[in-house]
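The lines below spell out each chain.
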Amino acid sequence: NLKYTSFFIIFFLVGTVIVVLSIFQFYYIRGESMVPTYVDGHYVAVRNQANQVLNRWDVIIYQDADILSAKRIIGLGWETISLWGGSIYIDDVLLAEPYLIPWIQTCVPVDCSTNSQKTFLIPDGTYFVLGDNRSVSRDSRDCIEGVLCSQSGFQTIAPERIAWKIITIIPEWL
């Protein structure tokens, strides 16, 4: 009986590993742009974003110039986004961001004065993304050479640049 129980447990574990590996891929977080949610060295389970609906707050891995980068979706197509006084407004409504460290401000790069304001209409079918650690994050607020940016100086992320959606952090003990 012990022989059959051991066989069943091993078979179950191998089957579970095969199923998990066929559904998820794994990604190693590099850098500090998503602190405190994800820190340098975290492994995360990701899922191919093809045919998935992406929503505000989803954290994605996308092609950012020559690297893959993890960022949070903040704005969706046809929304008006405003950065003002260290906060984000979507269609003139203050966006609550409970995942941020309390003193983090969202500013236009180089100018975090309380009177700096930038407003932008997100093109249909694209996303406005930000890192959770705004002071070190290179994200939709930055225009990068070789990436199409709007006249306002913001860049949006088209779906074809998105590789994966983060599902969960892999515990360190695994």
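Presented here is a report on the structure given in the accompanying data block.

Scoring rules and cut-offs
Residues numbered from 1 in each chain as written. Predicted model: local features only at pLDDT ≥ 70, side-chain atom pairs only at ≥ 80, totals over all residues. Heavy atoms only, no water. Pairing = 2+ DSSP bridges. Helix = DSSP H or I, 4+ residues; strand = E, 2+ residues; numbered from the N terminus. Axes fitted to C-alpha atoms, helices over the stretch in contact; angles between N-to-C directions. Phe/Tyr/Trp six-rings, centres within 6.5 Å; stacked < 30°, edge-to-face > 60°. Buried < 20%, exposed > 50% of the residue type's maximum accessible area, 1.4 Å probe, protein only. Lys NZ or Arg CZ within 6 Å of the ring centre and 35° of its normal. Salt bridge = Lys/Arg side-chain N within 4 Å of Asp/Glu carboxyl O. Polar contact = N/O pair within 3.5 Å; in protein donor to acceptor, adjacent residues only side chain to side chain. Contact = heavy atoms within 4.5 Å. Expected span 1.5 Å × (residues − 1).

## Quick look at the sheet that holds strand 10 (residues 162-169)
Here is step 1: Spatial ordering of the open sheet is given by 1-2-10-3-4-9, a layout of 6 strands whose pairing is antiparallel. Whereas interior strands pair on both sides, the edge strands pair on one side only; in this sheet they are strand 1 (25-28) and strand 9 (127-130). Pairs of neighbouring strands in the sheet enclose a mean axial angle of 50 degrees, with direction left out of account.
Here is step 2: Summarising the sheet, strand 3 (residues 59-64) and strand 10 pair through 3 bridges and their orientation is antiparallel. For Ile61, the partnering residue across the bridge sits in strand 10 and is Trp164.

## Digging into the packing of aromatic side chains
Here is step 1: Using the criterion set out here, one finds 8 aromatic pairs in the structure.
Here is step 2: For the pair Phe8 and Phe12, a centre-to-centre distance of 6.4 Å together with 20 degrees between the ring planes defines the contact as stacked. Here Phe12 and Phe8 lie together in helix 1 (residues 2-23), a separation of 4 residues that amounts to about one turn.
Here is step 3: Accessibility expressed as a relative area gives 51% for Phe12, which makes it exposed.
Here is step 4: One aromatic cluster is present, formed by Phe120, Phe128 and Phe154 through successive ring pairs.
Here is step 5: Note that Arg72 overlies the ring of Tyr99, its terminal NZ or CZ placed 3.8 Å from the centroid.
Here is step 6: Above the ring of Phe154, the side-chain terminus of Lys118 is found at 5.7 Å from the ring centroid.

## Examining the pattern of salt bridges
Here is step 1: Enumeration according to the criterion identifies 6 salt bridges in this entry.
Here is step 2: The closest approach of N and O atoms between Asp132 and Arg72, which form a salt bridge, is 2.7 Å. Taken together, the residues span a long stretch of sequence, with Asp132 in the loop between strand 9 and strand 10 and Arg72 in strand 4 (residues 67-76) at a distance of 60 residues.
Here is step 3: Since its relative accessible area comes to 0%, Asp132 is described here as buried.
Here is step 4: We classify Arg72 as buried; its relative accessible area is 7%.
Here is step 5: The closest approach of N and O atoms between Glu97 and Arg134, which form a salt bridge, is 2.7 Å. Residue Glu97 is located in the loop between strand 7 (93-94) and strand 8 (117-121), and its partner Arg134 is located in the loop between strand 9 and strand 10; the two are separated by 37 residues in the primary sequence. Arg134 matches Glu97 in its accessibility class, with the two residues each being buried.

## Things to note about the side chain of Thr126
Here is step 1: Following the sequence through the fold, Thr126 ends up in the loop between strand 8 and strand 9.
Here is step 2: With relative accessibility at 12%, the residue Thr126 sits in the buried group.
Here is step 3: At a separation of 3.3 Å, a polar atom in the side chain of Thr126 contacts the side chain of Thr156.
Here is step 4: Here Thr126 is in contact with Gly75, Leu76, Gly77, Thr156, Ile157 and Ala158, once residues within four sequence places are set aside.

## What to know about the pairing of strand 5 (residues 80-84)
Here is step 1: The pairing of strand 5 with strand 8 spans 5 bridges and is classified as antiparallel. Following the sheet pairing, Ile81 is matched in strand 8 by Phe120.
Here is step 2: Joining the antiparallel neighbours strand 5 and strand 6 (residues 87-90) is a turn of 2 residues, in which Gly85 adopts a positive phi near 60 degrees.

## A look at helix 1
Here is step 1: In this model helix 1 runs 32 Å from its N-terminal to its C-terminal C-alpha over 22 residues, within 8% of the 32 Å that 1.5 Å per residue would give.
Here is step 2: Helix 1 sits mainly on the outside: 0 of its 22 residues count as buried.

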